[in-house]
Amino acid sequence: MGVYADYVVPRLIAFSMRSKEATRIRRTVVPAARGRVLEIGIGSGLNLPFYGEDVSAVIGLDPSRQLLAMTERSGRGDAAPFAVDLTYGSAEDMPFEDRSFDTVLTTWTLCSIAEAGRALAEIRRVLRPDGALIFVEHGRSPDLGVRRWQERINPIWTTLSGGCNLNRDIAALIRDAGFAIDRLEVGYLVKGPKIATYHYEGRARPA
Ligand SMILES: C[S@@+](CC[C@H](N)C(=O)[O-])C[C@H]1O[C@@H](n2cnc3c(N)ncnc32)[C@H](O)[C@@H]1O
């Protein structure tokens, strides 16, 4: 820990996640959440305005006290027409009961979780059998040239970004944790370097 990790990284995350393209994606992805929702890595709370009427409560989990404080200060939780509960903690070991959520939402978070496989096993544990994992994540490109650069740059990228990885095969991680993917859209975003913009967006259920 230090000034960079405690002060700079949370502000970089909060700023970079407000891009127009990210906002456009949130607007299309987040409204699919239903019932009691667990948002993994809620960050600065940028998804909160996009939840729809079918949501009864959002529990937002994050291991960054700075980002949780930003969510609180933003007032986005107070403005929501459902209960919002912010919980300090890590997705690899969650303080929630088995089968207690209808939806788990993760947006640009699986890249940053140190043990993503363990976190996905936890997500599967807390999801109801008829629940859904809704995700939008960047990750490993299928193009060899891009992938080589992802591998080369990943060590320095991870250090500077506070733990984000460029090279994770998000669909494989989700399937390996015991999910069936019902819908998956992949491709590069319009803007930004290819190493950081190959996206996986979709919906999965416990298999
Ligand atoms: C790039 S930010 C995305 C934030 C937010 N999901 C959004 O869409 O704006 C990655 C988030 O993952 C969180 N994170 C990192 N490690 C985590 C872990 N082990 N469990 C849960 N969240 C984690 C970070 O604190 C940060 O809020």
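None of these values were measured; they are calculated from a predicted model.

Novice: Would you explain the site of the ligand in this entry?
Specialist: In the neighbourhood of the ligand, 22 residues make up the surrounding shell, with Met17, Gly41, Gly43, Ala91 and Thr107 lying closest. Split into classes, the residues belonging to the shell around the ligand amount to 11 nonpolar, nine polar and two charged.

Novice: I tried to follow the pairing of strand 4 (residues 101-107) on my own but got confused; where do I start?
Specialist: Within strand 4, seven of the seven residues are buried, which leaves it mostly tucked inside the rest of the structure. Note: strand 1 (residues 35-40) against strand 4, four bridges, orientation parallel. The residue bridging Val37 from the neighbouring strand is Thr103, located in strand 4. Bridging between strand 4 and strand 5 (residues 127-138) involves six bridges; their strand directions are parallel. Counterpart to Leu105 in the pairing with strand 5 is Ile134. A crossover connection joins strand 4 to the parallel strand 5 through helix 5 (residues 116-126); in handedness this β-α-β unit is right-handed.

Novice: Before we go on, may I ask you to explain the nonpolar core in this structure?
Specialist: Considering soluble globular proteins, one finds that nonpolar side chains tend to be buried as a cluster. By size, the foremost hydrophobic cluster in this structure holds 41 residues, and its most contacted members are Leu38, Val104, Ile123 and Leu133. With six residues, strand 5 is the largest single contributor of residues to this core. Beyond its immediate chain neighbours, meaning those up to four positions away, Leu133 contacts Val104, Ile123, Leu127, Phe179 and Ala204.

Novice: Please clarify how the sheet that holds strand 6 (residues 179-188) should be interpreted in this entry.
Specialist: Backbone-to-backbone hydrogen bonds pair the strands of a sheet. The strands run either parallel or antiparallel. Overall, mixed pairing links the seven strands, which are arranged 3-2-1-4-5-7-6 in an open sheet. Strand pairing shows two members of the sheet lacking a second neighbour, strand 3 (83-88) and strand 6, which therefore form its edges. Averaged over all neighbouring strand pairs, the angle between strand axes comes to 15°, with direction disregarded. As paired elements, strand 6 and strand 7 (residues 198-206) share nine bridges and run antiparallel to each other. In the strand pairing of strand 7, Glu185 is matched with Glu201. Where helix 3 (residues 65-74) meets the sheet, it contacts strand 2 (55-62) and strand 3, and its direction lies at approximately 160° from that of strand 3. Each of strand 1, strand 4, strand 5, strand 6 and strand 7 is contacted by helix 5, which is oriented at about 145° to strand 5, the strand it contacts most.

Novice: I tried to follow the environment of Cys111 on my own but got confused; where do I start?
Specialist: Within the element layout of this structure, Cys111 appears in the loop between strand 4 and helix 5. The spatial distance from the C-alpha of Cys111 to the C-alpha of Arg168 is 6.8 Å, given a sequence separation of 57 residues. Aside from chain neighbours lying at most four places away, what touches Cys111 is Glu137, His138, Gly139, Cys164, Asn165 and Arg168.

Novice: Got a minute to help me understand helix 3 in this structure?
Specialist: Residues spaced three or four apart along an α-helix face the same direction, because each turn holds 3.6 residues. Of all the positions in helix 3, only Leu67, Leu68, Met70 and Thr71 are classed as buried. Taken end-on, helix 3 shows its buried residues confined to a sector of 155°, consistent with a single buried face. Projecting away from the buried face of helix 3 at angles above 90 degrees are the exposed residues Arg65 and Arg73. Those residues of helix 3 that are buried are in contact with helix 1 (3-16), strand 2, helix 4 (76-79) and strand 3.

Novice: Can you help me understand helix 5 in this one?
Specialist: Of the residues making up helix 5, those classed as buried are Ala116, Ala119, Leu120, Glu122, Ile123, Arg124 and Val126. Here the buried face of helix 5 lies against strand 1, strand 4, strand 5, helix 7 (170-176), strand 6 and strand 7.

Novice: Explain unusual backbone geometry here, please?
Specialist: Note: most peptide bonds trans; most residues except glycine with negative phi. Unlike most non-glycine residues, Arg99 shows phi in positive territory, near 50°. The residue Arg99 is located in the loop between strand 3 and strand 4 in this model. Overall, Arg99 belongs to the partly exposed group, with 15 C-beta atoms counted inside 10 Å. The backbone of Trp108 shows a phi angle near 55°, a positive value even though the residue is not glycine. For Trp108, the location among the structural elements is in the loop between strand 4 and helix 5. Since 21 C-beta atoms lie within 10 Å of it, Trp108 is described here as buried.

What counts and how
- Residues numbered from 1 in each chain as written.
- Predicted model: local features only at pLDDT ≥ 70, side-chain atom pairs only at ≥ 80, totals over all residues.
- Near = placed C-beta within 6 Å.
- Nonpolar A, V, L, I, M, F, W, Y, C, P; charged D, E, K, R; others polar.
- Buried ≥ 20, exposed ≤ 12 C-beta atoms within 10 Å, placed from the backbone.
- Helix = DSSP H or I, 4+ residues; strand = E, 2+ residues; numbered from the N terminus.
- Pairing = 2+ DSSP bridges.
- Right-handed = clockwise from strand over helix to strand, strands pointing away.
- Core = buried A, V, L, I, M, F, W, Y, C linked by C-beta atoms within 7 Å.
- Contact = placed C-beta atoms within 7 Å.
- Axes fitted to C-alpha atoms, helices over the stretch in contact; angles between N-to-C directions.
- Arc of directions from axis to C-beta.

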